[in-house]
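Chains, contacts and geometry: an overview
Single-letter residue listing:
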Amino acid sequence: MKILHLDTNHPLLLEQFAQLGFENHEDYVSSKEEVERKIHEYDGVIIRSRFTLDQQFLDKASNLKFIGRVGAGLENIDVEHAKHKGIFLASAPEGNRNAVGEHTLGMLLSLMNHMGKANREVKKGKWDREGNRGVELDGKTVGIVGYGNMGKAFAKKLRGFDVEVICYDIVGGVGDENARQVGIMEFQQKSDVVSLHVPQTELTVGMVNSEFIDAFHKPFWLLNTARGKCVVTKDLVMGLKSGKVLGAGLDVLEYEKKSFENMFIQKPKAFKYLRKAKNVLLTPHVAGWTVESKEKLAQTIVDKVKEKFC
């Protein structure tokens, strides 16, 4: 089969596909329109998030047998149309779930212990111990929204802490030994920490808004290592200002471009608040972006394609 690689990835993708007898072609610079003109020549496409594989693109890909998405989500692919055309979809949440779990835990501990704020102050010569007195995770209830690969990985990391872990998911029966599945009312009643691990869908876009935040019985810390558009930033800022949200760890932002490679040039007022807030920790969509996950993501794609076609 002829494979078109649209994003740079770990070299094992090219190496192992070649060993399987596949013909690799690389194109990391052409526009979507230019790629559309030649995509009919290919049996497979490997992509991260460079552009959207929409219905028009898929219709031009008349010989396409599979799409390898080197990442967890499939929101940049018209999944229903791909399935209608019989195209095999391979994503790789197994490849970076451990990285996401570790990053989420790191953000939570950093927030609760003011590590970002304390680091900046000490470097400026300010030694404020009382102002940086932390809060312990011990005894808290950690609520996980979305209990798939990423949510389960975060729950596993929490096993060494004396915490109660609960999860909420639209799919029933997903709870396990690391998290007890509950309904939304109990979730909002008990959670001290809320961590998002959901895909970007019509149901999850804008799910964390003022109504969602106000429904919680206790002030809580919010973590988002899922997708930026799941959180309405201006409503989060209102929650931070009121004290209903004690702090926020955001690896993803509402203002990211679809490629996830950068933010929009125009940054709204709400984002300016996040930049200055001492109880907000921001990272540039790197929760699943480790040295190890780069290799594991690529290997997962190769393994799934090999199992399907070889």
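Structural notes, computed from the coordinates.

Conventions and cut-offs
- Residues numbered from 1 in each chain as written.
- Predicted model: local features only at pLDDT ≥ 70, side-chain atom pairs only at ≥ 80, totals over all residues.
- Heavy atoms only, no water.
- Pairing = 2+ DSSP bridges.
- Helix = DSSP H or I, 4+ residues; strand = E, 2+ residues; numbered from the N terminus.
- Right-handed = clockwise from strand over helix to strand, strands pointing away.
- Buried < 20%, exposed > 50% of the residue type's maximum accessible area, 1.4 Å probe, protein only.
- Arc of directions from axis to C-beta.
- Contact = heavy atoms within 4.5 Å.
- Phe/Tyr/Trp six-rings, centres within 6.5 Å; stacked < 30°, edge-to-face > 60°.
- Core = buried A, V, L, I, M, F, W, Y, C linked by side-chain atoms within 4.5 Å.

Let's shift gears to the pairing of strand β2 (residues 23-26). In terms of strand pairing, strand β1 (residues 2-5) meets β2 through 4 bridges, oriented parallel. If you follow L4 over to β2, its bridge partner there is H25. This β-α-β element, β1 to helix α1 (residues 12-19) to β2, shows right-handed connectivity.

The subject of this paragraph is helix α11 (residues 269-276). An α-helix turns once per 3.6 residues; consequently, residues spaced three or four apart project the same way. Taken as a whole, α11 has its buried residues at A270, F271 and L274. What you see down the axis of α11 is that its buried residues fit within an arc of 95°, all on one side. In α11, the exposed residues that point more than 90 degrees away from the buried face are K269, R275 and K276. For α11, the elements touching its buried residues are α10 (233-242), β11 (245-250) and β12 (280-282).

Our next topic: the packing of aromatic side chains. Across all of its chains, the model carries 10 aromatic pairs by this definition. The interplanar angle of 50° and the centroid separation of 6.4 Å between the aromatic rings of F17 and F66 together place this pair among those described as tilted. On the criterion of sequence distance, the pair formed by F17 in helix α1 and F66 in strand β4 (residues 66-69) is long-range, its members being 49 residues apart. A relative accessible area of 0% means that F17 is categorised as buried. Residue classification places F66 among the buried positions, given a relative accessible area of 0%.

Turning to the nonpolar core, a few remarks are in order. Among the nonpolar cores identified, the biggest contains 30 residues, and V194, L196, V208, L222, L236 and L274 are the most heavily contacted of them. When contributions to this core are tallied by element, the ones reaching two or more residues are β9 (193-196), α9 (210-214), β10 (220-224), α10, β11 and α11. Every residue in contact with V194, bar those within four places of it in the chain, is listed here: G143, V145, F187, F212, F216, F220, W221, L222 and L223. Counting 20 residues, the second largest nonpolar core, distinct from the first, contains L137, F154, L158 and V163.

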